[in-house]
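Observations on the three-dimensional arrangement
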Amino acid sequence: MKKSTELTAEMDALIACARRCFDGGLQTNSGGNLSIRVPARDVIIIKPSGIGFNECSHANLQIVHLDGTVEPSSCKPSKDLGFHLGLYNLRDDIGAIVHCHSPWATGFACANRPIPCCTVQSRSKLGQIPLIPLAPGGSAQTENEMNPAFGDPGVVGAILANHGAIGVGKTLMAAQHIAEIIEETAHIAFISQCLQANRPPIRN
């Protein structure tokens, strides 16, 4: 597919978002993935498998049609491509997805414990952070596991059991903000729970 000004601009936005995730500690190495919808072309741009967030470039980002057709590329499609496409096809309001293995949120996910929306910001911006179970057999989540939770238009972020966190939004920045709030909330919730568990008895 010939690159247009629109495709180039969306690739620039994805590269900037990926580097912000890397610099902010939301993702290290080549795990996680992020994508953006290009409505005029009926395609998405997505980070491929094996490419680190800090290594994204115009040369390695993949263009994928919403029907799953991958434009010719030297890279391997992301293993999570299916649930990205599933979410885009499920909800027209989703214009971008940021999925990362941020440590605090993933810690809750690996403990199979939902993150409580314990701050004013998380209650206002998220409302809830669903915990999405693994696929049958213990494999990574697919659209079959993701779509029921995100079928609720009020859900903008979730954690994936034994996997990581995900934020969605109309733009990449909006989706990234959700991923950042999830990580911040997980960190705060962990500290709060530790402090409450070790609270000394109140003396009259």
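One can find the structure itself at the top, above this paragraph.
Residues numbered from 1 in each chain as written. Predicted model: local features only at pLDDT ≥ 70, side-chain atom pairs only at ≥ 80, totals over all residues. Heavy atoms only, no water.

1. Some points on the overall build of the protein chain
On a plain count of helices and strands, the protein chain comes out with 6 helices and 7 strands. Counting helices and strands in the order they occur from the N terminus, the protein chain gives α-β-β-β-α-β-α-α-β-α-β-β-α. On C-alpha atoms alone, the protein chain measures out to a radius of gyration of 18 Å, which is about the 17 Å that the 2.2 N^0.38 rule sets for 204 residues. Burial analysis of the protein chain (204 residues in total) assigns 48% to the buried set. By sequence separation, contacts in the protein chain at least 24 residues apart represent 62% of the contacts at least 6 residues apart. Taken as a whole, the protein chain presents about 9,800 Å² of accessible surface, with 54% of it coming from carbon and sulfur. Of note, the protein chain has its 16 positive side-chain charges centred 7 Å away from the centre of its 17 negative side-chain charges. (Helix = DSSP H or I, 4+ residues; strand = E, 2+ residues; numbered from the N terminus. Rg over C-alpha atoms; globule rule 2.2 N^0.38 Å. Buried < 20%, exposed > 50% of the residue type's maximum accessible area, 1.4 Å probe, protein only. Contact = heavy atoms within 4.5 Å. Areas by Shrake-Rupley, 256 points an atom, 1.4 Å probe, with all protein chains shown as cover. Lys, Arg positive; Asp, Glu negative; His and termini not counted. Charge placed at Lys NZ, Arg CZ, Asp CG, Glu CD.)

2. Here we look at the environment of Pro153
The topology assignment puts Pro153 in the loop between α5 (143-150) and β6 (157-160). Considered as a pair, Pro153 and Arg91 are 62 residues apart in the sequence and their alpha carbons are 7.7 Å apart.

3. A word on the sheet that holds strand β3 (residues 62-65)
Reading across from one edge, β3-β2-β1-β4-β7-β6-β5 is the order of the 7 strands in this open sheet, with mixed pairing throughout. Strands at the two margins of the open sheet, each flanked by one partner only, are β3 and β5 (131-132). Note: strand β1 (residues 33-38) against strand β2 (residues 43-46), 4 bridges, orientation antiparallel. Bridged to Val38 within β2 is Val43. Docked against the sheet, helix α1 (residues 5-23) engages β1, β2, β3 and β4 (96-100), running at close to 155 degrees with respect to β1. (Pairing = 2+ DSSP bridges. Axes fitted to C-alpha atoms, helices over the stretch in contact; angles between N-to-C directions.)

4. Considering the packing of aromatic side chains
As enumerated under the stated definition, the model contains 1 aromatic pair in all. Relative to Phe190, the ring of Trp104 lies with its centre 5.3 Å away and its plane at 50 degrees, an arrangement referred to as tilted. Of the two residues, Trp104 is situated in helix α3 (residues 103-110) and Phe190 in helix α6 (residues 172-197); the sequence distance between them amounts to 86 residues. Owing to a relative accessible area of 38%, Phe190 belongs among the partly exposed residues under this scheme. (Phe/Tyr/Trp six-rings, centres within 6.5 Å; stacked < 30°, edge-to-face > 60°.)

5. Focus: the pattern of salt bridges
Within this structure, the stated rule accounts for 2 salt bridges. The partner of Glu180 in a salt bridge is Arg20, with the nearest N and O atoms 2.9 Å apart. Linking Glu180 in helix α6 with Arg20 in helix α1, this pair joins segments that are 160 residues apart in sequence. According to the relative accessible area criterion, Glu180 is partly exposed, its value standing at 24%. For Arg91, the salt bridge is made with Asp93, and the minimal N-O distance between the two is 2.9 Å. Its relative accessible area of 6% is what places Arg91 among the buried residues. Judged by relative accessible area, which is 34%, Asp93 ranks as partly exposed. (Salt bridge = Lys/Arg side-chain N within 4 Å of Asp/Glu carboxyl O.)

6. Some points on the environment of Phe83
Structurally, Phe83 can be placed in helix α2 (residues 81-90). In the structure, Phe83 is positioned 63 residues away from Met146 in sequence and 6.9 Å away in space, judged by C-alpha atoms. If sequence neighbours within four positions are ignored, Phe83 has contacts with Asn33, His99, Gln141, Thr142, Glu143, Met146, Leu160 and Ile166.

7. A closer look at the nonpolar core
Counting 35 residues, the largest nonpolar core has Leu87, Phe150, Ile159 and Ile166 as the members making the most contacts within it. Residue assignment for this core shows that the elements contributing at least two residues are β2, α2, α3, α5, β6, β7 (164-169) and α6. Core analysis: the second largest hydrophobic core is formed by 24 residues, Ile15, Val38, Ala96 and Leu172 among them. (Core = buried A, V, L, I, M, F, W, Y, C linked by side-chain atoms within 4.5 Å.)

8. Section: the side chain of Asn33
The residue Asn33 is located in strand β1 in this model. A polar atom in the side chain of Asn33 sits 2.3 Å from the side chain of His84. With residues up to four places along the chain from it excluded, the contact list for Asn33 reads Lys47, Phe53, Ser78, Asp80, Phe83, His84, Ile97, Val98 and His99. (Polar contact = N/O pair within 3.5 Å; in protein donor to acceptor, adjacent residues only side chain to side chain.)

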